[in-house]
Amino acid sequence: MTRASAFPARAAMVLGAAISAVAGVEARAQLVDYEPAARATPVQEDAAWRLAFRPGMQVLTQTVGQLRVGAPAVLQAQVDAMVAEAARQPEPEARRTLWRAVSLMGGRAWTPEQERLGALALRTPSQIWTGQGDVLTAELLYPASGPVTYALDLYASQPTTSATPKKGALIRPLARGQLESYPAGIAARLADLPDGAYLLLAKLSAGSASADIVQPVYLVRDLDARYAELRRNLSGITGHEEAKALAEYPFALAQAMRAGRREVVSYDFPAAIRRSSEIVAALKGGRDPVRQATGLQNRAYRFAETGELIPYQVYVPTGWTPAKRWPLVVALHGANLDETNMLGRDGGRMQKLAEQHGFVVVTPLGYRLNSAYGSERGLAGLAGRDMTRVKRSEQDVLQVIALVEEEFNIDPGRRYLTGNSMGGGGTWWIGGRHNQMWAAIAPGAYGGVLAEDVPALAKLPIRVVVGERDDLMLDRVRETIATLKAGGVAPEYVEVPGGTHASAFETELPEIFNFFQKHAK
């Protein structure tokens with residue numbers, strides 16, 4: 001089946017329906033996981049759901065690019081022209097242009113009503129709600145006018161390690177009405193609900209046009225008082241820094257989100273706060289439940305430069321013992337994902353392989369979402385060109401490695417680095433800049449290596465993975481292989497048959513572990 005034949009027959013019809021009735025769509029794909037025409041329908045549905053969150057310009061542009069994959073060449077050319085036009089415009093007008101491209105791909109006429117619906121977003125001063133005095137508004141992302149009817153409903157937000165919040169069960173209707181001028185306040189009272197993660201979803205209509213908009217919120221009551229109590233309990237306990245950092249983290253995260261300094265894809269505050277209470281009780285009873293624990297673990301530590309608590313995940317084989325040295329895999333997640341993705345994706349495959357091979361695996365956040373692990377090879381711009389943030393992303397990875405090495409008796413001759421998509425870019429960057437650290441590296445689904453990078457990379461065993469149907473990165477990875485070979489480096493190179501931007505890495509992961517098993521410094 002060709003791309004041109006796959007798109008119009010069904011996917012365009014699904015896209016048009018999905019954007020007008022996205023409340024019934026669940027996010028299944030990752031944010032930048034471009035897929036081939038064979039999966040056009042679910043990709044269109046996922047992207048339609050993502051658009052309901054009215055994401056930032058970076059994600060919006062990526063999503064439009066995802067929607068065009070599998071479209072006929074004529075339609076792709078029209079969309080490409082609009083994306084290029086948007087790149088030259090200030091943000092409000094760029095958003096209008098990109099929404100026009102979305103409408104075109106959905107087969108809908110560009111009418112004043114369609115323009116109006118694309119301008120609207122749900123916003124709140126903070127995603128951390130208290131159940132009292134919380135504010136929700138409908139705002140315009142670009143100039144538009146005219147009435148819009150809305151129906152606001154409350155849904156549970158399901159935990160996910162993917163890049164877009166997942167819609168759970170409908171909890172109840174919240175408000176109905178008509179919007180005439182903006183910003184407009186909308187009543188959304190959650191006072192009687194338990195703490196947790198929720199999605200506020202408004203179904204909009206203007207004439208015959210319709211769309212959905214979504215705002216995620218986290219209900220966390222009495223945050224400051226509960227945080228102060230936790231600190232009092234921890235103040236009388238000496239040592240146990242790993243346990244104390246983990247106990248404090250959910251409160252520090254909520255405060256940072258409330259202040260606009262942090263963002264998350266998905267977080268279970270009630271479960272994390274219960275864990276905090278369990279840690280405090282254990283420490284008071286003379287037991288440390290965190291240090292040198294085995295299995296899958298959420299962790300946090302205090303970032304040296306800023307004093308912030310930053311999360312990471314680690315998997316430690318159940319047979320771990322301090323009596324011997326252990327190999328370490330550092331796994332870097334892709335764009336718009338977080339530290340939970342690599343060990344959680346594909347049913348926890350990386351955990352199973354770590355257990356099988358006897359490897360400790362650590363997955364850093366990279367300081368903030370989309371901070372590119374310090375790389376100057378293209379994706380640093382995703383962080384808004386805040387190079388301080390980008391450099392801190394690299395520092396976070398290095399600090400996490402040092403912590404895990406000290407705690408779990410890591411063999412410095414058997415450190416390995418891998419990652420997919422943006423994480424693949426981080427693997428090339430950190431692998432080359434700190435080549436003395438690694439026994440081998442395995443970048444996935446990312447190109448961008450320059451000739452000046454080759455001498456440092458030449459000192460490393462490298463296995464490169466990309467899918468033969470990776471519409472986003474295949475050509476760039478092939479260019480990277482050519483650059484490496486021109487510099488005298490011949491890495492192991494795998495184009496996974498049928499593999500896509502996401503699935504190739506997952507398919508190849510067992511062989512990546514086998515590759516690591518063969519190499520030591």
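This section reports on the structure supplied with the text. Computed from a prediction, not measured in an experiment: that's the story for all the values here.

The rules behind these values
- Counting starts from 1 at the beginning of each chain's written sequence and moves along it residue by residue.
- Only residues with pLDDT of 70 or above have their local features reported here, since the model is predicted, and side-chain atom pairs are shown and tallied only from 80 upward, although totals for entire chains, interfaces and linings are computed over all residues.
- Each side-chain value is derived from all of the structure's non-hydrogen atoms; neither hydrogens nor water enter the calculation.
- Runs of E in the DSSP output that reach at least two residues are strands. Runs of H or I that reach at least four are helices, and both are numbered from the N terminus.
- The rule is simple: take the accessible area with a 1.4 Å probe, protein chains only, and divide by the maximum for that residue type; under 20% is buried, over 50% is exposed, in between is partly exposed.
- Residues adjacent in sequence count toward polar contacts only when both atoms are side-chain atoms; beyond that, a polar contact is any pair of N or O atoms within 3.5 Å, and within protein one must be able to donate a hydrogen and the other to accept it.
- In this analysis, strands are considered paired if DSSP registers two or more bridges between them.
- Buried Ala, Val, Leu, Ile, Met, Phe, Trp, Tyr and Cys residues form a nonpolar core when they are joined through side-chain atoms within 4.5 Å.
- Here, two residues are considered to be in contact whenever any of their heavy atoms come within 4.5 Å of each other.
- Lines fitted to C-alpha atoms define the axes here, with helix axes fitted over just the stretch in contact, and angles between the N-to-C directions of these axes take values from 0 to 180 degrees.
- Oblique is the label for any angle not covered by the other classes, which are roughly parallel (under 35 degrees), roughly antiparallel (over 145) and roughly perpendicular (65 to 115).
- The crossing is said to be left-handed when, going from far helix to near helix, the turn is anticlockwise and less than a right angle, and right-handed when the turn is clockwise.
- In this count, Pro and Cys sit with the nonpolar residues alongside Ala, Val, Leu, Ile, Met, Phe, Trp and Tyr, while Asp, Glu, Lys and Arg are called charged and the others, Gly among them, polar.
- Handedness rule for crossovers: strands pointing away from the viewer, path from the first strand over the helix to the second running clockwise, crossover right-handed.

Remarks on the side chain of Thr-63
Counting through the fold element by element, Thr-63 comes out in helix α3 (residues 57-68). Given a relative accessible area of 0%, Thr-63 falls into the buried group. Within the structure, the side chain of Thr-63 is placed 2.8 Å from the backbone oxygen of Val-59, a separation counted as a polar contact.

Brief notes about the sheet that holds strand β7 (residues 196-206)
Read from one edge of the open sheet, five strands run β2-β8-β7-β4-β5, paired in mixed fashion. With one partner strand each, in any of the chains shown, β2 (128-129) and β5 (166-179) form the two edges of the open sheet. Note that strand β4 (residues 148-158) and β7 share eight bridges and pair antiparallel. Bridge pairing links Leu-154 to Leu-200 in β7.

Some points on the nonpolar core
Core analysis: the biggest nonpolar cluster contains 47 residues, and Val-330, Val-360, Val-404 and Trp-438 have the highest contact counts within it. A per-element tally of this core places helix α11 (residues 387-408) first, with five residues. Those residues in contact with Trp-438 that lie beyond four places of it in its chain are Val-330, Ile-401, Arg-415, Tyr-416, Leu-417, Ile-430, Gly-431, Leu-460 and Lys-521. Listed in part, the 30 residues of the second largest apolar core include Ala-252, Phe-269, Ile-273 and Ala-300.

Quick look at the pairing of strand β9 (residues 295-302)
Remark: a regular strand shows side chains that alternate across the two faces of the sheet. Relative to strand β10 (residues 309-316), β9 is paired through eight bridges, and the arrangement is antiparallel. Residue pairing in the sheet places Tyr-301 in a bridge with Ile-310 of β10.

Points about the sheet that holds strand β3 (residues 137-140)
Across the sheet, which stays open at both edges, the three strands sit in the order β1-β3-β6 with antiparallel pairing between neighbours. At either margin of the open sheet sits one strand with a lone partner, and together these are β1 (120-123) and β6 (184-185). With respect to the sheet, helix α6 (residues 112-119) is in contact with β1 and β3, its orientation differing from that of β1 by roughly 20°.

Details of the packing of helix α7 (residues 223-235) against helix α9 (residues 269-284)
With their axes 10 Å apart at the nearest point, α7 and α9 run at an angle of 20° to one another. With respect to α9, the axis of α7 lies roughly parallel. α9 is crossed by α7, and the crossing has left-handed handedness. Contacts between α7 and α9 involve Arg-226, Leu-230, Asn-233 and Leu-234 from the former and Ile-273, Ser-276, Val-280, Leu-283 and Lys-284 from the latter. For the contact of α7 with α9, a count of residues per class yields five nonpolar, two polar and two charged.

Re the pairing of strand β16 (residues 492-496)
Relative to β16, strand β15 (residues 463-467) is paired through five bridges, and the arrangement is parallel. Its bridge partner being in β16, Arg-463 is matched across the sheet by Glu-492. One crossover worth recording links β15 to the parallel β16 by way of helix α14 (residues 474-486), and it is right-handed.

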